[in-house]
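Fold and geometry: a report
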Amino acid sequence: MAHLNQRHPENISGDFYVDTTCIDCDTCRWMTPEVFYRTDEQSAVYHQPENEAERLKAMQALLSCPTASIGTVEKPKDVKDAQHSFPILVAENVYHCGYHAENSYGAASYLIVRPEGNVLVDSPRFTPPLVKRLEEMGEIRYMYLTHRDDVADHQKYAEHFGCQRILHTDEISSGTRNVEIQLTGLEPVQLEPDLLIIPVPGHTKGHTVLLYKNKFLFTGDHLAWSPSLNHLYAFRNACWYSWPELLKSMRKLANYSFEWVLPGHGRRYQADAETMRQQMQQCITWMEAR
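Let us look at the structure shown here.

This part is about the sheet that holds strand β8 (residues 118-121). Hydrogen bonding along the main chain pairs the strands of a sheet, whether they run parallel or antiparallel. Judged by pairing direction, the sheet is mixed, and its seven strands sit side by side in the order β5-β6-β7-β8-β9-β10-β11 without closing on themselves. What marks the edges here is a single partner per strand, and that holds for β5 (88-91) and β11 (181-183). Neighbour-to-neighbour, the strand axes of this sheet turn through a mean angle of 25 degrees, independent of strand direction. Sheet topology note: the strand β9 (residues 140-144)/strand β10 (residues 164-168) ladder contains three bridges and is parallel.

Next up on the list: the pattern of salt bridges. When the charged atoms of two side chains with opposite charge come close together, those side chains can pair. Scanning the entire structure with this criterion turns up 18 salt bridges. Ionic pairing is found between R38 and D24, a salt bridge with its closest N-O pair at 2.6 Å. Highlighted residues: R38 in strand β2 (residues 36-39) and D24 in the loop between β1 (16-18) and α1 (27-31), separated in sequence by 14 residues. R267 is the partner of D26 in a salt bridge, and the nearest nitrogen-oxygen pair spans 2.8 Å. Here R267 lies in the loop between β18 (260-263) and β19 (269-270) and D26 lies in the loop between β1 and α1, a separation of 241 residues in the sequence. Salt bridges here are not isolated pairs; linked through shared partners, they connect D24, D26, R29, R38 and R267.

Strand order in the open sheet made by the six strands is β12-β13-β14-β15-β18-β19, with mixed pairing throughout. At either margin of the open sheet sits one strand with a lone partner, and together these are β12 (189-192) and β19.

What follows is about the layout of surface pockets. Left-over empty space is what a probe sized like a water molecule reveals as it rolls over the atoms. As a volume, the largest pocket reaches approximately 630 Å³. Forming the walls of the largest pocket are 23 residues, and the residues nearest its centre are C25, Y105, Y233, F235 and H265. Taken together, the residues of the lining of the largest pocket sort by class into eight nonpolar, six polar and nine charged. What lines the second largest pocket is a set of 14 residues, among which M1, A2, L62, I70 and G71 lie closest to the centre. Those elements that place two or more of their residues in the lining of the second largest pocket are α2 (52-64) and β4 (70-72). Of the residues assigned to the lining of the second largest pocket, the class counts are 11 nonpolar, two polar and one charged.

So, on to unusual backbone geometry. The step from F86 to P87 runs through a cis peptide bond, and the omega angle for that step is -10 degrees. Inspection of the secondary structure puts P87 in the loop between α3 (79-84) and β5. Despite not being glycine, D26 has its phi angle at roughly 85 degrees, a positive value. Overall, the relative accessible area of 14% leaves D26 in the buried class. Positive phi values are uncommon outside glycine, yet E41 reaches one of about 60 degrees. Relative to the assigned elements, E41 resides in the loop between β2 and β3 (42-45). Among the residues examined, E41 registers a relative accessible area of 59% and is labelled exposed.

Calculation criteria
- Residues numbered from 1 in each chain as written.
- Predicted model: local features only at pLDDT ≥ 70, side-chain atom pairs only at ≥ 80, totals over all residues.
- Heavy atoms only, no water.
- Pairing = 2+ DSSP bridges.
- Helix = DSSP H or I, 4+ residues; strand = E, 2+ residues; numbered from the N terminus.
- Axes fitted to C-alpha atoms, helices over the stretch in contact; angles between N-to-C directions.
- Salt bridge = Lys/Arg side-chain N within 4 Å of Asp/Glu carboxyl O.
- 1 Å grid on protein atoms, 1.4 Å probe; cavity = no way out; pocket = protein on both sides within 12 Å on 5 of 7 lines; lining within 4 Å.
- Points joined across faces, edges and corners; volume = space filled by probe spheres on them.
- Nonpolar A, V, L, I, M, F, W, Y, C, P; charged D, E, K, R; others polar.
- Buried < 20%, exposed > 50% of the residue type's maximum accessible area, 1.4 Å probe, protein only.

Take a look at the structure:
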């Protein structure tokens, strides 16, 4: 939990604050930009919530903070309401799970609700309020893991829900050697008629992305939106395997049609298919100049 005596000096006065244990993962800033901002390579509060909607979003960020670095001066009375708001609807039947995990450096996890069985994309923190809500939303059939960095509490979720985990063999380590479905090679895998797994080596050797209904692209650490650049971008400073391979993967991915980019790290982006194609080309041009 956050400690008032470690409150960051750049917080505006009021109930919500961020303490100096913040790891600058960006979770609170993209979830609730109305309240949180970046200063001194950490987050802080620049605007206190002024209505119920802003307070709910601030509480959602508090619960999602992977290091429990967000706190309130007064003991909150609306914690249960905020807990029940997860997973948070993104669009159609796609939800943001919240409850980011520190050992995934605050990566986002998503839930796809499907009649054939739900899909958990990467692993959130295993916490009872979220687990209960996921139970209420139906069977989890698959836990799709984009790459080795964002697996977090995958084992606990697999044991609890009996779901099949999916991870590329090049991402397997001692903690994931029991994953049920282990992908190989560089060819796309049609998991279900509406679920296509696309290998995109670069950030890591076995990184993959998931395309759902030719509309929602879950990108892990492969692709995200940059507010500062004002276009889609790849993680040049966090490319652990190969930048040339990442560029090659991006060129391949540009051949697919989608309208949403939902990353583990970085900001989401939504546009019509034609605008997305233009954004992908702009991203590739930016990468070629690096």
